[in-house]
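Fold and geometry: a report
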Amino acid sequence: MSMAGPQADRTLKKLVSLKRQRAEQVHALAIAELRAEERRLAALEAEMSALDPGQGDYADFVLAMKFGRAAFLKKQADAVREVIGRKKQALQEAREALKKAIHSEGQLASD
């Protein structure tokens, strides 16, 4: 127990607990956002795969290329890959913040 008294200790513990809860929320949101972007990329890749002349009708492929659909999908997929990279970084940062919050809470509990 600190020299500030039991009320201050309870307040500090509550603040640290709230910080941990917020870190858990941010972490969960980061995971959900990353998964959503990964699903988006998978859908784009599936659509691009359908344009492959080896897997579909060659005439459809030629039309898709002529009208730029394949190029558009590739550009979209590349953009989503960049977003996924940023989401992965955000997830890593959220994971580290959560670890720190849990550690702080553990330190207070052991005092």
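Structure: see above.
Let me sum up the structure you'll find in this document. Computed from a predicted structure; not experimentally measured. Each chain has its residues counted from 1, running along the sequence as written. Given that this is a predicted model, residues contribute local features only at a pLDDT of at least 70 and side-chain atom pairs are listed and counted only at 80 or more, while totals for whole chains, interfaces and linings are drawn from all residues. Side-chain numbers here rest on the full set of heavy atoms in the structure, without hydrogens or water.

1. As for the nonpolar core
We call a set of buried residues a nonpolar core when its members are Ala, Val, Leu, Ile, Met, Phe, Trp, Tyr or Cys and they connect through side-chain atoms within 4.5 Å of each other. Think of it in three bands: with a 1.4 Å probe and only protein chains considered, a residue is buried below 20% of the maximum accessible area for its type, exposed above 50%, and partly exposed in between. Membership of the largest hydrophobic core is limited to 12 residues, which are Ala30, Leu34, Leu41, Leu44, Leu51, Ala70, Leu73, Ala77, Val80, Ile84, Leu91 and Ala94. Listing elements by their share of this core, those giving two or more residues are helix H1 (6-50) and helix H3 (69-110). Secondary structure elements are taken from DSSP: a helix is a run of H or I of four residues or more, a strand is a run of E of two residues or more, and numbering for both begins at the N terminus. Here the element with the most residues in this core is H3; it accounts for seven residues.

2. Concerning the pattern of salt bridges
Think of a salt bridge as a Lys or Arg side-chain nitrogen and an Asp or Glu carboxyl oxygen that are within 4 Å of each other. Enumeration according to the criterion identifies nine salt bridges in this entry. As a salt-bridge pair, Arg40 and Glu37 come within 3.2 Å of each other at their nearest N and O atoms. Here Arg40 pairs with Glu37, and both are found in helix H1, just three residues apart, close to one helical turn. Using a relative accessible area of 39% as the deciding quantity, one classes Arg40 as partly exposed. Between Asp78 and Lys74 there is a salt bridge, and its shortest N-O distance comes to 2.8 Å. With Asp78 and Lys74 both in helix H3 and four residues apart, the pair spans about one turn of that helix. Since its relative accessible area comes to 28%, Asp78 is described here as partly exposed. Here Lys74 falls in the partly exposed class, since its relative accessible area comes to 46%. Ionic contacts of the salt-bridge type, sharing partners, join the residues Glu45, Lys74, Asp78 and Arg81 into one network.

3. Considering H1
Along its 45 residues, H1 runs 66 Å from first to last C-alpha, staying within 8% of the 66 Å computed at 1.5 Å per residue. For H1, the set of buried residues is Asp9, Val16, Ser17, Arg20, Ala23, His27, Ala30, Leu34, Glu37, Leu41 and Leu44. Contacts are residue-level and defined by heavy atoms, with any inter-residue pair within 4.5 Å sufficient. The inward-facing, buried residues of H1 contact H3. Here, expected helix span is obtained from the residue count minus one, scaled by 1.5 Å.

4. Let's talk about H3
Across its 42 residues, H3 extends 60 Å between first and last C-alpha, which sits within 8% of the 62 Å expected from 1.5 Å per residue. All of the buried residues along H3 are Ala70, Leu73, Ala77, Val80, Val83, Ile84, Leu91, Ala94, Leu98, Ala101 and Leu108.

Nothing here speaks to function; it is all geometry.
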